[in-house]
Amino acid sequence: MDSAMDAIVTVDETQRIVIFNAAAEVVFGYSRDEVIGEPLNLLIPERFRAAHGQHVRRFGETGISARRMGALHVLAGLRRNGEEFPLEASISHIAENGHKFYTVILRDVTERVRADEALRHSREELRELAALAQSVREQEKSRIARELHDELGQSLTALKMDVIALRHEVPAQNTAMAERIARIESMLNSTVAATRRISADLRPLMLDDLGLAAAVEWVIQEFTDRSDAVCDVQIVGSLDFGDPHATAVFRVLQESLTNIAKHAQASKVSVLIESGGEQIHLRVQDDGSGFSLQSPRKRNSHGLLGVRERGYLLGGESRITSAPGEGTTVELWLPSPQTCAADGKPA
């Protein structure tokens, strides 16, 4: 026992210490002579003593002879200097001459807990940074989309009106000039349409101006216009919530529909958006060709990764279910903005 790397403490049925090995002396800061015969509460923070006594009694009554290290949550010990520290423990008991003895093997996990806490803190910081970067990207997309729509779009429209006016001033016999103006007008029409399309792809202005419901209607219409699939849409509850939740729902819906149009060869698509209570739920399901989730991701293909990222950044989760020939289901759950505000997170 003295050669063991872990602390070993044995107590009798009255919870008094009868064995205290060398590693326990190092962990707790007591010598063996100081603790033999003392109650085990000496090594337990005061607020945990009552619960610990009840736990040991229940353990003895179950008839289980041992419980392994790590089977319980991280516990707390009390050093001689009053410092509390986290520990893991395995416990066993035996009966000898009608008396019960409990042996606990303890492992100081202070460094591991500190490392876990540092890792958790680092992940939180990275998530906050990624969420900020996502927000900045959306703001920049919105700015560029609005400039394309308002500045360039208006200039092109004015130029188109001038070309139309010029066309009426060209003599009828000047067919070469009339044909050139017609080509310019056709090119302007294509440029205006491309400008509107690029602006909408960057960020539909209706998402900012009219809200998520209008943006959902627009993206569904865009999908049905370029796909032969029938799309059934069900909205439960109000979609009257703002960014970043509205943007996340819209982008996941947009990405899912884009993937269906490109790859799924689906005949039917169903979209469900539920809002109410403590969460927002989006589900996009198709009956298309599906794919294997175990297949390596194609190079420069980040659509599904983006779905997971948007859920993670807002403290939610996502799930993608698919198999070859069985269609695909994309789901997103986000905590509602009210829930985030109640938790102290940015809404």
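Refer to the structure presented above.
Residues numbered from 1 in each chain as written. Predicted model: local features only at pLDDT ≥ 70, side-chain atom pairs only at ≥ 80, totals over all residues. Heavy atoms only, no water.

(A) How the structure looks around the packing of helix α7 (residues 212-226) against helix α8 (residues 245-264). Here α7 crosses α8 at 5°, and the two axes come no closer than 10 Å. Judged by the inter-axis angle, α7 sits roughly parallel to α8. Contacts from Leu 212, Ala 215, Val 216, Trp 218, Val 219, Ile 220, Phe 223 and Arg 226 of α7 reach α8 at Ala 246, Val 249, Phe 250, Leu 253, Gln 254, Leu 257, Thr 258, Ile 260 and Ala 261. Classifying every residue of the contact of α7 with α8 gives 14 nonpolar, two polar and one charged. (Axes fitted to C-alpha atoms, helices over the stretch in contact; angles between N-to-C directions. Helix = DSSP H or I, 4+ residues; strand = E, 2+ residues; numbered from the N terminus. Parallel < 35°, antiparallel > 145°, perpendicular 65-115°, else oblique. Contact = heavy atoms within 4.5 Å. Nonpolar A, V, L, I, M, F, W, Y, C, P; charged D, E, K, R; others polar.)

(B) Broad picture of the side chain of Gln 15. Positionally, Gln 15 belongs in the loop between β1 (7-12) and β2 (17-20). The buried category is assigned to Gln 15, whose relative accessible area is 19%. If near-sequence neighbours (up to four positions away) are discounted, Gln 15 is found in contact with Glu 38, Pro 39, Leu 40, His 52, Val 56 and Tyr 102. (Buried < 20%, exposed > 50% of the residue type's maximum accessible area, 1.4 Å probe, protein only.)

(C) Representation of α7. Over its 15 residues, α7 extends 21 Å from the first C-alpha to the last, a length consistent with the 21 Å expected when each residue adds 1.5 Å. Within the sequence span of α7, burial applies to Leu 212, Ala 214, Ala 215, Val 216, Trp 218, Val 219, Ile 220 and Phe 223. Residues of α7 that are buried sit in contact with α5 (175-202), α6 (205-209), β7 (230-236), α8 and β8 (268-276). (Expected span 1.5 Å × (residues − 1).)

(D) Spatial organisation of the pattern of salt bridges. Per the counting criterion, the structure on display carries 14 salt bridges. Among the salt bridges present, the one from Arg 32 reaches Asp 2, with a minimum N-O distance of 2.8 Å. One end of the pair, Arg 32, is in helix α2 (residues 32-35); the other, Asp 2, is in the segment before β1, with 30 residues separating them in the sequence. The class of Arg 32 is partly exposed, set by a relative accessible area of 31%. For Asp 2, a relative accessible area of 46% translates into the label partly exposed. With a closest N to O distance of 2.8 Å, Arg 80 and Glu 34 form a salt bridge. Highlighted residues: Arg 80 in the loop between β4 (75-78) and β5 (84-96) and Glu 34 in helix α2, separated in sequence by 46 residues. What makes Arg 80 partly exposed here is its relative accessible area of 47%. (Salt bridge = Lys/Arg side-chain N within 4 Å of Asp/Glu carboxyl O.)

(E) Focus on the packing of helix α4 (residues 110-169) against α5. With their axes 9 Å apart at the nearest point, α4 and α5 run at an angle of 165° to one another. Taken as axis vectors, α4 and α5 run roughly antiparallel relative to one another. Crossing geometry of α4 relative to α5 is assigned as left-handed. Tallied by class, the residues present in the contact of α4 with α5 amount to 15 nonpolar, six polar and four charged. (Left-handed = near helix turned anticlockwise from the far one by under 90°.)

(F) Geometry of the pairing of strand β10 (residues 317-322). In this structure, β10 lies alongside strand β11 (residues 328-335), joined through six bridges in antiparallel fashion. Bridged to Glu 317 within β11 is Trp 333. (Pairing = 2+ DSSP bridges.)

(G) A look at the nonpolar core. Core analysis: the biggest nonpolar cluster contains 35 residues, and Leu 212, Leu 257, Val 269, Val 271 and Leu 282 have the highest contact counts within it. Secondary structure elements with two or more residues in this core: α7, α8, β8, β9 (279-286) and β11. Top element by residues in this core is α8. It accounts for nine residues. Excluding its chain neighbours within four sequence positions, the residues that come into contact with Leu 212 are Leu 207, Leu 239, Phe 241, Ala 246, Val 249 and Phe 250. If you look at the next biggest cluster of nonpolar residues, it comprises 22 residues, including Val 35, Phe 59, Tyr 102 and Val 104. (Core = buried A, V, L, I, M, F, W, Y, C linked by side-chain atoms within 4.5 Å.)

In short, the description is geometric, and any link to function would need to be established separately.
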